[in-house]
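# Observations on chain architecture
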2 protein chains.
Amino acid sequence: MIFSSELIKGTLKTIVLKLLAENKKMYGYEITQTVKEITKDRIQLTEGALYPTLHALEADGLLTTETEYIGKRVRKYYSLSPKGKTKAKERVNEFAEFIETMQDLLAIKPKLA
Amino acid sequence: MIFSSELIKGTLKTIVLKLLAENKKMYGYEITQTVKEITKDRIQLTEGALYPTLHALEADGLLTTETEYIGKRVRKYYSLSPKGKTKAKERVNEFAEFIETMQDLLAIKPKLA
DNA sequence: TTTAAATACATAATACACTTATGTATTAAT
DNA sequence: ATTAATACATAAGTGTATTATGTATTTAAA
């Protein structure tokens, strides 16, 4: 099952921030492959979504970059800035609470009453 | 905490379908209030989002409507069609799986291996 | 008693985030 | 030699929600 893109909307920044929080530095293509692996292809990060998001996070001062050359091919590594580390924790916590709230609403978890 | 609207995006239809699956018939304003209550104000359904969504679900044949008058004030009740009932289950199941996948990704739930 | 808040619908303009499509270029595999 | 994978990037289009606005009735508060 591949999730409808509607669901994934709004979680992309959270995913990127969390992956970078755990991996110190990653490059764009690596992020797409990691997400593919962990989610067993159920979440497909398209490059058209990822690269603009990385640029936006960088513009917000949450990420820093360093460019490396692998042979003649460019590789742009992203890392969390101090501000980005804080933001990563915030986002993950927010998502955890969001899940709990949605479980109340969808009664996936039985409600006390 | 009020969730960033980014997160809520894409879950609105799921929420509406699930509420109707449990309540037989509901009207728009009632849905907004029910969501407010269950989520303790953490999810705010705006009318500008809800009404167009209800109309879209109706246009898709997932909802049927009946109008009632409370005094002089109109009240439009929505119910799930058979197609809507199926869709409601699908959406809730999809969301449950989405949560699991995201938990793997965000390591909220500790990963084996 | 009149004014504000709550109930109840609706739509239009705007903003945002993602998809789809396209483009360039290098390296590895068939 | 050709295709697939790696690796970046941007532009046009779409969808979904936000914000703003509008109408009207009913209830509560000043």
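Residues numbered from 1 in each chain as written. Chains lettered and ligands numbered in written order. Predicted model: local features only at pLDDT ≥ 70, side-chain atom pairs only at ≥ 80, totals over all residues. Heavy atoms only, no water.

## What to know about the pairing of strand 3 (residues 73–80) of chain B
Residues and elements named next belong to chain B. Two strands pair when backbone bridges link them, and strand 1 (residues 25–27) and strand 3 are joined in this way by 3 bridges, in the antiparallel orientation. Paired with Lys-25 across the bridge in strand 3 is Ser-79. When strand 2 (residues 63–70) meets strand 3, the two strands line up antiparallel, connected through 8 bridges. Bridging from a neighbouring strand, Ile-70 pairs with Arg-73 of strand 3. Count of turn residues in the strand 2/strand 3 antiparallel hairpin: 2 residues, of which Gly-71 carries a positive phi of about 65°. (Pairing = 2+ DSSP bridges. Helix = DSSP H or I, 4+ residues; strand = E, 2+ residues; numbered from the N terminus.)

## Here we look at the protein's contact with DNA strand C
Near DNA strand C there are 25 residues, and of these A:Arg73, B:Tyr27, B:Tyr29, B:Arg73 and B:Arg75 occur at the shortest range. Among the atoms of DNA strand C lying within 4 Å of the protein, the sugar-phosphate backbone contributes 70%. Contact distances for DNA strand C include 2.8 Å between a phosphate oxygen and a backbone N or O atom of A:Lys72. A:Arg73 places a polar side-chain atom, nitrogen or oxygen, 2.5 Å from a base oxygen of DNA strand C. Within the residue set of the surface near DNA strand C, elements represented by two or more residues are helix 4 (47–59) of chain A together with helix 3 (28–38), helix 4 (47–59) and strand 3 of chain B. By residue class, the composition of the surface near DNA strand C is 8 nonpolar, 9 polar and 8 charged. (Near = heavy atom within 4 Å. Polar contact = N/O pair within 3.5 Å; in protein donor to acceptor, adjacent residues only side chain to side chain. Nonpolar A, V, L, I, M, F, W, Y, C, P; charged D, E, K, R; others polar.)

## Remarks on the relation of the copies chain B and chain A
The two copies are related by a screw motion: chain B maps onto chain A through a turn of 180° and a shift of 0.0 Å along the axis, at an RMSD of 0.1 Å. The operation mapping one copy onto its partner corresponds to a two-fold rotation axis. Interface overlap between copies: 100% of the residues of chain B at the interface are likewise at the interface in chain A, consistent with a symmetric, same-surface contact. (Least-squares fit on C-alpha atoms with pLDDT ≥ 70 in both. Contact = heavy atoms within 4.5 Å.)

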